[in-house]
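# Examination of the molecular architecture
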Amino acid sequence: MATYPQSASAAAPRFHLGRTGILWVGALALIALWAFAAWIYQLANGLVVTGMRDEVSWGLYISTFAFFVGLSAGGLIMASAAEVFGARSLKPLARIGVLSAAACVLVAAITIIPDLGKAQRVWELFVYPNWTSPLIWDIIIITVYFCFAVVDLALMTRRNGDPSARQRWLRVMAYVGLPAAVLLHSITAWIFGLQFARPFWNTALLAPLFVTSAILSGTALIALAALAAERFDKLTLPLQTWVTVRKLLATTLAIDLFLVAADYITIVWGNVPRDRAALDMILPGGNWQWLFWLEWLVGGLVPFLLLVVPRGHRPRLLGLAAALILVGVYAFRIELVVGGMLKPILWLAPGVSLGSYQLGASPFQQTGVYHPTWVEYSIIAGLIAFLALLLTLGYRWLKSLSQTEATP
Amino acid sequence: MAQDASHNWGMVIDQERCIGCWTCAVGCKVINNEPLGFWWNRILTTAPNEFSATSSADTITPPASDAIDVPHGTFPKLEMAYMPTACQHCDDAPCVKVCPVGATFQRDDGAILVDFERCIGCRYCMAACPYGVRVFDWGEAEHVPDFTVGYGRDYRTADGRLVFTPDRPIGVVEKCTLCVERIDVGEQPFCVDVCPTGARVFGDLNDASSEVSTLVHEDGATQLLGELGTDPHVFYLPTEPNRSA
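Residues numbered from 1 in each chain as written. Chains lettered and ligands numbered in written order. Predicted model: local features only at pLDDT ≥ 70, side-chain atom pairs only at ≥ 80, totals over all residues.

## Some words on the overall build of chain B
Of the regular secondary structure elements, chain B holds six helices and 13 strands. When each of the 245 residues of chain B is scored for burial, the buried share is 53%. Intrachain contacts of chain B at a sequence separation of at least 6 include 69% that bridge at least 24 residues. (Helix = DSSP H or I, 4+ residues; strand = E, 2+ residues; numbered from the N terminus. Buried ≥ 20, exposed ≤ 12 C-beta atoms within 10 Å, placed from the backbone. Contact = placed C-beta atoms within 7 Å.)

Right under this line is the structure:
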């Protein structure tokens with residue numbers, strides 16, 4: 001399971017690059033370096049060092065990719081909601097938001113690299129694109145979204161020039177940013193959702209579900225980042241901002257779980273074996289039921305109660321709720337990617353060949369088995385550390401630009 | 001080595017004749033020098049019924065066993081059939097549609113091939129294939145005995161794409177090639193040649209008088225998971241009691 005930068009930061013380091021700040025940044029850099037070493041090891045030996053095989057042929061890398069893409073949503077939502085929906089109370093989070101959007105989508109793109117068997121051929125994506133492939137659509141929208149976030153950030157941080165013209169441009173960006181974000185998450189969903197070979201993925205609900213869980217997890221990440229900044233960097237956000245964030249989190253969490261439940265009920269009531277196959281592994285009683293509990297209890301009911309029950313702003317409870325939401329959304333990504341591959345449509349003996357051989361073990365798998373290895377955990381920890389590093393340094397940079405302003 | 005665009009290759013597998021001996025699967029391994037743990041072709045144990053080629057997975061009761069040759073059903077009502085399953089060479093192939101770099105492609109004669117020099121190893125095609133017939137070179141290929149067997153040479157299509165190599169690169173996806181190196185010189189795929197019961201028939205679907213055409217158009221051979229609309233070039237003849245003709 002993933003660790004999240006802010007919950008780790010609560011332990012010791014502070015955000016200003018004093019001694020603790022350097023320690024924090026240094027620790028993150030070390031984890032990222034370790035991941036890089038693990039990736040070199042994987043390049044030398046092939047993906048055989050991961051837990052993936054022919055049946056579960058996508059694992060933590062692709063799940064984490066989808067998770068990072070989702071995290072990037074919060075940013076442009078924060079920045080755009082203020083303009084488009086008149087939610088002025090979110091305005092103070094606009095810059096942190098756009099920063100996190102750029103950082104998350106960049107790290108998401110990098111996450112595809114370790115999943116490739118031939119990473120040295122990644123340039124072919126730009127030279128020989130096959131336009132029917134949703135993966136190509138996704139690479140295009142990821143590139144556009146990243147450039148958009150960088151330009152948005154540049155506009156927000158520019159100090160010279162005509163301020164009213166800048167405001168006008170920011171307004172335009174807000175109106176473009178919202179549909180761009182919706183498109184990014186829809187296309188990422190369609191990578192999976194369009195595949196009729198995997199009945200568990202093949203639902204029209206997937207795009208709305210990805211958009212919702214993206215807003216949910218993206219907002220949770222920004223809430224955590226802002227809480228950490230309040231705690232370690234003397235940042236103070238208006239109470240109204242926190243009220244809105246809390247409402248936004250509770251509402252999107254409810255909508256997210258509603259959509260998942262709507263999918264479950266369709267599968268369970270219909271009882272079509274091909275559709276039931278994957279869900280049976282995830283519902284209570286199945287081998288992968290821990291995903292269900294993480295999604296519905298740890299990342300569902302508990303954070304929902306933490307968000308709606310307390311009266312007034314309770315930073316610690318809000319931080320805990322946001323962290324749990326991230327756990328739940330990550331569980332949902334694994335549930336979807338790995339769960340969807342556990343039982344092939346032709347679920348017959350002896351199953352699918354493994355693609356590797358161990359003396360005395362069957363070279364076939366009927367029901368998918370997937371145990372991630374230290375290489376996968378290391379690389380994912382490194383990517384998370386890299387993301388935290390980008391956010392920390394980016395925050396410092398924003399702070400240095402806006403010494404006179406109340407919020408960076 | 002030019003392939004003739006006027007061909008439209010097809011294969012029919014007669015499930016009544018198949019005895020589940022795995023000779024085609026082993027022959028496939030040998031001719032293609034498949035490393036340990038690789039099976040381009042495998043013989044699924046299933047149950048015969050009207051759509052034995054399509055519906056056997058649609059049972060909520062788990063397969064009778066992880067092991068092959070275990071009958072389906074409850075005693076005394078037991079039944080069993082075999083379904084040799086390799087790449088179905090679909091005309092509307094999801095693997096071709098999802099491949100981001102066009103490494104998987106369809107030749108004019110219907111064969112779906114993978115360009116070993118183009119594949120980036122993203123494995124999207126494996127996620128998209130409903131038949132689970134694609135295998136990935138996860139690591140260094142292992143062979144026992146440790147020397148090259150089978151066709152033994154690289155094979156390129158007329159436009160120069162490397163679609164078979166005995167020495168597997170790490171990190172690309174591979175699968176049944178319909179033995180293009182053999183059919184391009186007028187031979188049959190190796191699985192067809194080695195089948196001891198003649199359960200496999202290979203030929204040109206463009207030729208109305210060919211045996212495959214007859215089996216497909218008159219004897220009611222069906223496509224595996226035909227309802228998905230992938231339109232395979234491989235067809236199955238159901239077992240005898242269930243044959244319509």
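And the narrative resumes.
## A closer look at the overall build of chain A
Along its length, chain A carries 14 helices and two strands. Rg of the C-alpha trace for chain A: 21 Å, near the compact-globule value of 22 Å for 408 residues, within the 12% margin. In chain A, which comprises 408 residues, the share counted as buried stands at 53%. Contacts spanning at least 24 positions in sequence make up 77% of the contacts within chain A whose residues lie at least 6 apart. (Rg over C-alpha atoms; globule rule 2.2 N^0.38 Å.)

## Digging into the pairing of strand S5 (residues 81-85) of chain B
All names here are of chain B. Burial analysis of S5 places five of its five residues in the buried class, the great majority of the element. What you see with S5 is no split at all: Ala81, Met83 and Thr85 on one side and Tyr82 and Pro84 on the other are buried throughout. In this sheet, S5 lies alongside strand S2 (residues 42-46) in antiparallel orientation, the contact comprising five bridges. Looking across to S5, one finds that Thr46 is bridged to Ala81. (Pairing = 2+ DSSP bridges.)

## A closer look at unusual backbone geometry
Residue A:Pro350 follows A:Ala349 across a cis peptide bond; omega there is 0°. With an omega dihedral of -5°, the bond running from B:Val144 to B:Pro145 counts as a cis peptide bond. Summarising the element assignment, B:Pro145 is placed in the loop between strand S8 (135-136) and strand S9 (155-156). Even without being glycine, B:Asn33 reaches a positive phi, approximately 50°. The residue B:Asn33 is located in the loop between helix H1 (23-31) and S2 in this model. The residue B:Asp69 is not glycine, and still its phi comes out positive at about 65°.

## Some words on the pairing of strand S12 (residues 200-204) of chain B
For a regular strand, the rule is simple: side chains alternate between the two faces of the sheet. Residue and element names in this part refer to chain B. Counting buried residues along S12, five of its five residues qualify, which places the element largely inside the surrounding structure. The alternating pattern of S12 places Arg200, Phe202 and Asp204 and Val201 and Gly203 on opposite faces, both of which are buried. Summarising the sheet, strand S1 (residues 9-14) and S12 pair through five bridges and their orientation is antiparallel. Looking at S12, one finds that Val12 is bridged to Val201.

## Here we look at the sheet that holds S12(B)
Residues and elements named next belong to chain B. Taken together, three strands build an open sheet; the order of strands is S12-S1-S13 and the sheet is mixed. The open sheet terminates on both sides in strands that have one partner only, identified here as S12 and strand S13 (234-237). The mean inter-strand angle of the sheet, taken between neighbouring strand axes irrespective of direction, is 20°. Relative to S13, S1 runs parallel, the two sharing four bridges. What sits directly across from Asp14, in S13, is Leu237. (Axes fitted to C-alpha atoms, helices over the stretch in contact; angles between N-to-C directions.)

## Quick word on the packing of helix H3 (residues 60-71) of chain A against helix H8 (residues 163-193) of chain A
All names here are of chain A. Look at H3 against H8: their axes get within 10 Å of each other, and the N-to-C directions meet at 165°. Classified by the angle between their axes, H3 and H8 sit roughly antiparallel to one another. Crossing of H3 over H8 shows left-handed handedness. On the side of H3, the interface is formed by Ala66, Val69 and Gly70, while H8 contributes Leu184, His185 and Thr188. (Parallel < 35°, antiparallel > 145°, perpendicular 65-115°, else oblique. Left-handed = near helix turned anticlockwise from the far one by under 90°.)

## Concerning the confidence of the model for chain B
Predicted coordinates in regions of low pLDDT should not be interpreted in detail. Residue and element names in this part refer to chain B. Averaged over all residues, the pLDDT of chain B is 90; the fraction at 70 or higher stands at 89%. Considering only residues more than four positions removed or in separate chains, one finds that residues 52-58, a stretch of pLDDT under 50, has 28 contacts. The ipTM for the predicted assembly is 0.92, set against a pTM of 0.93. (pLDDT = per-residue confidence, 0-100.)

## Thoughts on the environment of B:Gly121
Inspection of the secondary structure puts B:Gly121 in the loop between strand S7 (112-114) and helix H3 (124-128). The exposure class assigned to B:Gly121 is buried, which follows from the 23 C-beta atoms found within 10 Å. For the pair formed by B:Gly121 and B:Ala199, sequence separation is 78 residues and the distance between their alpha carbons is 34 Å. Leave out the neighbours within four places in its chain, and B:Gly121 touches A:Leu116, A:Gly117, A:Lys118, B:Gly171, B:Val172 and B:Val173.

## Focus: the confidence of the model for chain A
The predicted model of chain A averages 90 in pLDDT, with 94% of residues at 70 or higher. Segment residues 1-15 of chain A is flagged for pLDDT under 50; beyond a separation of four residues in sequence, or across chains, it makes 33 contacts in the model.

## A closer look at the interface of chain A and chain B
Counting residues at the interface gives 47 residues for chain A and 53 residues for chain B. Partitioning the side of chain A that touches chain B into residue classes produces 26 nonpolar, 12 polar and nine charged. (Nonpolar A, V, L, I, M, F, W, Y, C, P; charged D, E, K, R; others polar.)

## Focus: the packing of H8(A) against helix H9 (residues 206-233) of chain A
Residue and element names in this part refer to chain A. Close contact between H8 and H9 brings their axes to 8 Å; oriented N to C, the two are set at 130°. Our classification of the angle between H8 and H9 gives oblique. In this structure, the crossing between H8 and H9 has a hand that is right-handed. On H9, the residues touching Val182, His185, Ser186, Thr188, Ala189, Trp190, Phe192 and Gly193 of H8 are Leu206, Ala207, Leu209, Phe210, Val211 and Ala214. Classifying every residue of the contact of H8 with H9 gives 10 nonpolar, four polar and no charged.

## Quick word on the nonpolar core
Residue and element names in this part refer to chain A. The biggest cluster of nonpolar side chains holds 209 residues, and the ones touching the most others in it are Val105 and Leu249. Looking at this core, the element that brings in the most residues is H9, giving 18 residues. Ignoring anything within four residues of it in the chain, the contact list for Val105 reads Val69, Ser72, Ile142, Tyr145, Phe146 and Ala149. (Core = buried A, V, L, I, M, F, W, Y, C linked by C-beta atoms within 7 Å.)

## Focus on helix H10 (residues 239-270) of chain A
For H10(A), spanning 32 residues, the distance from its first C-alpha to its last is 47 Å, which sits close to the expected 46 Å at 1.5 Å a residue. Of the residues one or two after H10(A), A:Asn271 is the one with positive phi, at around 60°. (Expected span 1.5 Å × (residues − 1).)

## A few points about the environment of A:Phe148
All names here are of chain A. Its location among the elements puts Phe148 in helix H7 (residues 134-157). A C-alpha to C-alpha distance of 19 Å links Phe148 and Ile222, two positions 74 residues apart in sequence. With near-sequence residues (within four places) excluded, Phe148 lies in contact with Gly177 and Ala180.

## Description of the environment of A:Glu376
Note on placement: A:Glu376 falls in helix H14 (residues 374-401). As a C-alpha pair, A:Glu376 and A:Leu60 span 316 residues in sequence and 7.0 Å in three-dimensional space.

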